[in-house]
Amino acid sequence: MLCIDNLWVKFPTSQGLFEAVRGISFSLSHERLGIVGESGSGKSLTGRAILRLIRHPAIVKANYITFHEQNVLDLKEKEMRKIRGRRISMVMQDPKFSLNPVMTIGSQIIEAYRQHNQASYKVAFRNALEMLEAVLIHDPERVMRCYPHEVSGGMGQRIMIAMMLIPNPEVLIADEPTSALDVSVQRQVMKILDNLVTERGMGLILISHDLNLVSEFCDRILIMYAGRIVEVCDAAKLRQASHPYTQGLLNSLPRLSERVPRLTVLQRDINWTEAASVRG
Amino acid sequence: MSEVKNPKLSIHDLKVWFNSGRDKVDAVKSVSFEVAEGESFGLVGESGSGKSTVLRAITGLAPYWSGSCKIDKASLTGRRRSREFFRKVQMVFQDPYASLHPRHTVDQVLSETLYLQGIKDIEHNIVRLLSNVGLTSKFRFRFPHQLSGGQRQRVAIARALAGQPEVLLLDEPTSALDVSVQAEILNLLNDLRNEQNLTFIFVSHNLAVVTHMCDRIAVMRQGEIVECLLADQLGRGEISHPYSAELLEATYG
Amino acid sequence: MSNLPIQDWLLSDEPTSRRQAKLSRLFKGWVAFQTNVLAMIGLGILLLLIFVAVFAPLLAPHDPFVQNLGNRLQPIGSDQHIFGTDSLGRDILSRLIFGARITLYIVVLVAIIAPVVGLLVGTVSGYIGGVVDMILMRITDVFLAFPRLVLALAFVAVLGAGIENAVIAISLTAWPPYARIARAETLTIRSSDYICAIRLQGAGPLRIITKHIWPLCISSLIIRVTLDMAGIILVAAGLGFLGLGAQPPSPEWGAMISEGRRFILDSWWVATIPGLAIFAVSLAFNLLGDGLRDVLDPKSGRS
């Protein structure tokens, strides 16, 4: 469905070009793909590059980024807008910055719905209610009258997910959708997202730093390090990952079940940066 | 709550609230615990549970509080703290990006702290502090924006340790960091605790981290301690309160 | 990019001494500033102004005070008087050159007094809060409630006309906005973790305000001052024009316009030339302020 070949993202700095993403290639079908990496590994930029959300002066280069055999990079901005949000949606990290603070949640959802569908206010309203119910909000009518600051982080993120799903996109890119949330709410939000994605047969790209979360909710995982994919593995077999970086990340997590006096510290190897990117 | 012999820090019936009058918000409602010398005590809970507010009340950063709070049997009152208190008790903040002054170099941060703590021979001590937290002197004249998150947190730890405190309050010191860096910082904190016989109060939302770092753990919810556990009990899953179970479940997945 | 060793030393991300860290930060700011062409033009005009003011006696072709009534109202481009002469036969160029001294004098004094008062009031008010904040801010409001020129006029009327009094009057009317800015900045800085951290080391309010809050407020104040400077020059010129600033025969630009006003139809240059000078300097300050904002403002994102 989505194919990316040799994607580069570069930023000009006073010390020359900084290469944040360095030639990565992967494809996505109707599956849940996780992209894991530490801060600065280029994982978020990858997600943004697909939607062409990276602005000047950064440079995005790729042999191709195709979505249903159509090269996204060749599209005009106007055509791009038809894809962005409609066919490929994105959920950002913090719902506070994605919702308009001076409009009620209801009117934002209704507006978004009517933008994508020819519908009367009544139909849009009913659909908005259904949307909110779909993300397990119990009293949708009250929530629709609320302003974004009046809802909790978890609720806000569920609302964002509901809004992203209105146009029934084929691919959903979720960039750290739960890292601003409490642990107990995290799973809940992820489960909602997961159910919706599987029910509708969407493709999901889940970008996160949390190995456990990704391994739980994805089919396949790309592990990124310094702008390259160092390893691709099945989520179920993450524990058997072979790359020392993946192993190092896994080992550096403290575990509840076994208490160790010292945590294993990840020893970085310069060769990892230089090794060719793995195709995912 | 289990009694501790010779507590380094004892807190009894601590209440903390923000705003007075009609807008009063109770952040902490009657929290009591005791921490022995050299112990590492964990407070775990979700956002809004009041776990960080407890630390802020101890250090005098919270606006209103009541109850009793004793360090080495000396009672604390109001929001003023003595010089001796600041020599004994220090704090490391959650976000290393926000806890260092953006226009001060590492050198300025540490030398000012040493000066305030009344320590002579600042030159020598800066080098010592940096090497204690695993930084070489090449970091000494950098500004915070020239450091990575882990390096900044190391500087923040060095600052907290400058006056050779006995109690270190740690407010989610690794939640803003990558897991590999988190491991480094947690190891560093454990080493420092062993070397300098520090007493820790470790606040975190992450059960695994708290269990790794602490001997005893109090689970907080909505300003109250719901359960107090030994780390080993938690590791074996021997918990009684449903909320702790819920947290455990969420962590494990 | 090939750099000189000194540039490498200045641009280093790993400074090895206090001095290098400081110089390096300044140099990086300068490099960023240089890329802004308009700001550089502004800076150039201001440097020229300073140069002219310092070397006025050497640069001026004539004595700015010597009158020659037989030679009055010479047009632009006449022999010996490039910008012509005024109603008393004084060389306009020379008066302009000496006037630069007065303009600079006013600018420097106001730039020192107003922001310092504002910074003091604003940071103290913001940091201490409570009743002190209330009182200081209400006083600020009182000053803000008057139109600046009217208030300055009132002050000058009380204090008596003259450059010094004009400076005092302008400063007294200019500080409230700075107090407001400094207070707003202080309120956000006050609750930040690094202020909490230094408080936990036992630092008192005086140290926190002077060493931790001021350095962060100063950059936004500098920006605001340079942007306001145009206005200040205009107020000074306005007072001069109304005869309440610099007194004749001193060649203050506003006073020069005022004198030229009577002849504006027949001898337009007498008023126009000092007007252009005021315009150029005000513009220069605005351009410089814009450039400084790009460099100094931490909010505009320095990645």
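Everything numeric here is computed off the predicted structure, so don't read it as measured data.

Quick look at the side chain of Thr246 of chain A
No. 1: Residue position: Thr246 of chain A is located in helix H10 (residues 244-251).
No. 2: Filtering out sequence-adjacent residues up to four positions away, Thr246 of chain A remains in contact with Ile223, Glu231, Leu238 and Ala241 of chain A.

Examining the environment of Pro261 of chain A
No. 1: In this structure, Pro261 of chain A sits in the loop between H10 and helix H11 (270-274).
No. 2: Along the sequence, Pro261 of chain A and Lys191 of chain A sit 70 residues apart, while their C-alpha atoms lie 34 Å from each other.
No. 3: Setting aside its immediate chain neighbours within four residues, Pro261 of chain A contacts Asn190 and His212 of chain B.

Some words on the sheet that holds strand S6 (residues 89-92) of chain B
All names here are of chain B.
No. 1: Taken together, the six strands give an open sheet; going across it, the order is S6-S7-S8-S3-S9-S10, and neighbouring strands pair in mixed fashion. The open sheet terminates on both sides in strands that have one partner only, identified here as S6 and strand S10 (224-230). Pairwise comparison of adjacent strand axes, ignoring direction, gives a mean angle of 20° for this sheet.
No. 2: Across five bridges, the pairing between strand S3 (residues 40-44) and strand S8 (residues 199-204) is parallel. Counterpart to Leu43 in the pairing with S8 is Val203.

Let's talk about the pairing of S8 of chain B
All names here are of chain B.
No. 1: Burial of S8 is extensive: six of the six residues sit out of reach of the surface.
No. 2: Of the two faces of S8, the one lined by Thr199, Ile201 and Val203 and the one lined by Phe200, Phe202 and Ser204 are each fully buried.
No. 3: Two elements, strand S7 (residues 167-171) and S8, share five bridges in a ladder whose sense is parallel. Note that in S8 the partner of Val167 across the bridge is Thr199.
No. 4: Each parallel crossover has a hand, and the one from S7 via helix H6 (residues 179-196) to S8 is right-handed.

Things to note about the sheet that holds strand S11 (residues 228-234) of chain A
Residue and element names in this part refer to chain A.
No. 1: Read across the open sheet, the six strands follow the order S7-S8-S9-S3-S10-S11; overall the sheet is mixed. Taken across any chain shown, the strands that pair with only one partner, and hence form the sheet edges, are strand S7 (88-91) and S11. Between one strand axis and the next, the sheet turns by 20° as a mean value, whatever way the strands run.
No. 2: By the bridge criterion, five bridges tie strand S8 (residues 171-175) to strand S9 (residues 203-208) in an arrangement that is parallel. Within the sheet, the bridge partner assigned to Asp175 lies in S9 and is Ile207.
No. 3: Against the sheet, helix H8 (residues 183-200) makes contact with strand S3 (32-36), S8 and S9, and its axis sits at roughly 165° relative to S8, the strand it touches most.

Structural notes on the packing of aromatic side chains
No. 1: A full pass over the atoms with the stated rule returns 11 aromatic pairs over all chains.
No. 2: Geometrically, the ring pair formed by Tyr245 of chain A and Trp272 of chain A is edge-to-face, given 5.6 Å between the ring centres and 65° between the ring planes. With Tyr245 of chain A in helix H10 and Trp272 of chain A in helix H11, this pair connects stretches of sequence that are 27 residues apart.
No. 3: Seen from their ring centres, Trp17 of chain B and Tyr64 of chain B are 6.1 Å apart, and the 10° between their planes marks the pair as stacked. Residue Trp17 of chain B is located in strand S1 (residues 7-18), and its partner Tyr64 of chain B is located in strand S4 (residues 64-71); the two are separated by 47 residues in the primary sequence.

Quick word on the packing of helix H5 (residues 92-128) of chain C against helix H6 (residues 130-144) of chain C
All names here are of chain C.
No. 1: Their axes nearest at 7 Å, the elements H5 and H6 cross at an angle of 145°. Regarding H5 and H6, the two cross each other, and that crossing is left-handed. Contacts between H5 and H6 involve Val121, Val124, Ser125, Gly126 and Ile128 from the former and Gly130, Val132, Asp133, Leu136, Met137 and Thr140 from the latter.
No. 2: Considered class by class, the residues forming the contact of H5 with H6 number six nonpolar, four polar and one charged.

Some details on a nonpolar patch on the surface
Residue and element names in this part refer to chain C.
No. 1: A cluster of nonpolar residues, Leu47, Leu48, Ile50, Phe51, Val54, Phe55, Leu58 and Leu59, forms a patch on the protein surface that exposes about 770 Å² of accessible area.
No. 2: Those elements giving two or more residues to the nonpolar patch turn out to be helix H3 (37-54) and helix H4 (56-59).
No. 3: Top contributing element to the nonpolar patch by residue count: H3, with five residues.
No. 4: Structurally, the position occupied by Leu47 is in helix H3.

Remarks on the interface of chain B and chain C
No. 1: Between chain B and chain C, the residue contacts involve 34 residues of the former and 29 residues of the latter.
No. 2: Across the interface of chain B and chain C, roughly 2900 Å² is buried in total on both sides, 54% from carbon and sulfur atoms.
No. 3: If you sort the residues of chain B by the area they bury against chain C, His101, Arg103 and Phe141 of chain B come out on top, with a joint share of 24%.
No. 4: On the surface where chain B and chain C come into contact, there are four salt bridges.
No. 5: In this structure, the salt-bridge partner of Glu123 of chain B is Arg18 of chain C, at a minimum N-O distance of 3.5 Å.
No. 6: On inspection of chain B and its partner chain C, the count reaches 13 residue pairs in polar contact (both at pLDDT 80 or more).
No. 7: Of all the elements, helix H3 (residues 106-116) of chain B adds the most residues to the side of chain B that touches chain C, at five residues.

Scoring rules and cut-offs
Residues numbered from 1 in each chain as written. Chains lettered and ligands numbered in written order. Predicted model: local features only at pLDDT ≥ 70, side-chain atom pairs only at ≥ 80, totals over all residues. Heavy atoms only, no water. Helix = DSSP H or I, 4+ residues; strand = E, 2+ residues; numbered from the N terminus. Contact = heavy atoms within 4.5 Å. Pairing = 2+ DSSP bridges. Axes fitted to C-alpha atoms, helices over the stretch in contact; angles between N-to-C directions. Buried < 20%, exposed > 50% of the residue type's maximum accessible area, 1.4 Å probe, protein only. Right-handed = clockwise from strand over helix to strand, strands pointing away. Phe/Tyr/Trp six-rings, centres within 6.5 Å; stacked < 30°, edge-to-face > 60°. Left-handed = near helix turned anticlockwise from the far one by under 90°. Nonpolar A, V, L, I, M, F, W, Y, C, P; charged D, E, K, R; others polar. Patch = residues over 30% accessible without salt bridge, like charges linked within 9 Å, V, L, I, M, F, W, Y side chains within 5 Å. Areas by Shrake-Rupley, 256 points an atom, 1.4 Å probe, with all protein chains shown as cover. Salt bridge = Lys/Arg side-chain N within 4 Å of Asp/Glu carboxyl O. Buried area = accessible area lost by both parts, 1.4 Å probe. Polar contact = N/O pair within 3.5 Å; in protein donor to acceptor, adjacent residues only side chain to side chain.

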